[in-house]
Amino acid sequence: MLPPLGGDAPGLLLAALGVAAALAVHQAVPAVPKLTAAVVLGIGAAHLPGLRPVVRGVARPGLSTAGKRLMRIGIVLLGLKLSLGDVLGLGWATVAMVLAVVAATFAGTWWLGRRLGLPGDQPLLVATGYSICGASAIGAVSQAAGSDEEDAAASVALVTLCGTLAIAVLPLLQHPLGLGEAEFGRWVGASVHDVGQVVATAQTGGAGALREAVLVKLMRVMLLAPLVAGVVVAVRRSRAGRGEAGGTAATRPPIVPLFVAGFLAMIVLRTTGVLPDRALTLAADAQELLLAAALFGLGSAVHLPTLLRTGGRIALLGLASWVMIAGVSYAGVLITT
């Protein structure tokens, strides 16, 4: 039972316990990424009879804070994994391939989600998660768009499930599809959602596959900033169309939110090479812990009965988008190698 604390403290304490549990799961089963375990544990906590009243009651403010503010800090630190030099070293053909994969996946998933009648911002958030970097991208775009917490949680659950399945399925397809080590790594980097899932999938193909996968994946992550800016512009126009534009800051979110500006600043800082390896390692550890706490918080907002009411449609969208990004990225790898 949680101590009688007030404000955000009970929820943040529960999120910290969730992170510790996720680390334990990863330690016991290394194939399960920490962030994936955090989401699943958050969903479980929201539905366990003993914990459910706490999650939906006294812990809700802190869990919401974890899902929002800690997510933003984690996304800022994510920028320290990126270097402009590394990405440009992939070559312009690979850069063009990644841009094409992201654009096709985002547009196709968003269009299909709208056609299927998914509620709220779910089409936008699922499209973001599949095309950029899974749950982290969903968190960033949901913050910028002011999306409903349940829409974000349902989208995270779907993208996490499909990304986890990729860990088991894609390695089985490497040799039937005739992909060498480097080609397999690029395919994984271009098609798998979360960074941890990319690492878990690509490492089965060898060190060369892992290196290519991480570089391609991090290039997709770089596209998070322009995507968030585009979403904010769209939100502004939508509000203006409904007569809500006004002149206040509350109705006009900045085109580049502060946490996205921080993300870009961290990319520049990493590119300068001034940070020692020890600092980068500590930042990477902190980023993973923060995102794990944020994803536990988001997972705890999932309400399975509500999700099941649109389960068939959202599952169809997930499957179709998964096939789409795998097919487009496979074609892109073949063209550029």
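Above this text you will find the structure in question.
So, here's what we can say about the structure.

Reading the values: the criteria
- As a convention, each chain's residues are numbered from 1 in the sequence order in which they are written.
- Predicted model: local features are reported for residues with pLDDT of at least 70 only, side-chain atom pairs are reported and counted for 80 or more only, and whole-chain, interface and lining totals are derived from all residues.
- The basis for every side-chain value is the complete set of non-hydrogen atoms in the structure, without hydrogens or water.
- Numbering goes from the N terminus for both helices and strands, where a helix is a DSSP run of H or I of at least four residues and a strand is a run of E of at least two.
- Relative accessible area decides the class of each residue, using a 1.4 Å probe on protein chains only: under 20% of the type maximum gives buried, over 50% gives exposed, and in between gives partly exposed.
- The contact criterion used throughout is that any non-hydrogen atoms of two residues lie within 4.5 Å.
- Only Phe, Tyr and Trp rings are paired, with Trp represented by its six-membered ring, and only when their centres lie within 6.5 Å; those with planes under 30 degrees apart are stacked, over 60 edge-to-face, the remainder tilted.
- As used here, the term nonpolar core means buried Ala, Val, Leu, Ile, Met, Phe, Trp, Tyr and Cys residues forming a set that is joined through side-chain atoms within 4.5 Å.
- By convention in this document, the label disulfide applies to cysteine sulfur atom pairs within 2.5 Å.
- Counted as salt bridges are all cases of a side-chain nitrogen of Lys or Arg within 4 Å of a carboxyl oxygen of Asp or Glu.

Structurally, Val188 can be placed in helix α10 (residues 181-191). According to the relative accessible area criterion, Val188 is buried, its value standing at 0%. Remark: the alpha-carbon pair of Val188 and Gly117, spanning 71 residues in sequence, is separated by 30 Å. Residue contacts for Val188: discarding those within four places in its chain leaves Leu170, Val198, Thr201, Ala202 and Ala213.

Okay, helix α7 (residues 122-131) next. The α-helix advances 3.6 residues per turn, and as a result positions three or four apart in sequence lie on the same side. Counting buried positions over the 10 residues of α7 gives 10, a clear majority of the element. Those residues of α7 lying buried are Gln122, Pro123, Leu124, Leu125, Val126, Ala127, Thr128, Gly129, Tyr130 and Ser131.

Another point: the packing of aromatic side chains. A full pass over the atoms with the stated rule returns 2 aromatic pairs. On the basis of an interplanar angle of 65° and a centroid distance of 6.1 Å, the ring pair of Trp187 and Tyr330 is categorised as edge-to-face. Here Trp187 is found in helix α10, whereas its partner Tyr330 is found in helix α17 (residues 311-336), with 143 residues between them in sequence. Of the residues examined, Tyr330 reaches a relative accessible area of 21% and is grouped as partly exposed. Linked through ring pairs, Phe184, Trp187 and Tyr330 together constitute an aromatic cluster.

By size, the foremost hydrophobic cluster in this structure holds 103 residues, and its most contacted members are Ile132, Val188, Val221, Val228, Phe263 and Leu295. Non-local contacts of Val221, meaning those with residues more than four positions away in its chain, are made with Leu78, Leu82, Ile132, Cys133, Val195 and Phe263.

All told, the structure shown has 0 disulfides when counted by the stated rule. Here Cys133 is not disulfide-linked; the sulfur of Cys162 is the nearest cysteine sulfur, at 16 Å.

A few words now on the pattern of salt bridges. In total, this model carries 3 salt bridges according to the counting rule given. Here Arg60 ties to Glu149 by a salt bridge, and the two come within 3.3 Å at their closest N and O atoms. Separated by 89 residues along the polypeptide, Arg60 in helix α4 (residues 60-78) and Glu149 in helix α9 (residues 149-173) bring together distant segments of the chain. The residue Arg186 makes a salt bridge to Glu212 at a minimum N-O spacing of 2.8 Å. Taken as a pair, Arg186 in helix α10 and Glu212 in helix α12 (residues 207-222) lie far apart in primary sequence, 26 residues in all. Here the two residues Arg186 and Glu212 agree in accessibility, since each one is buried.

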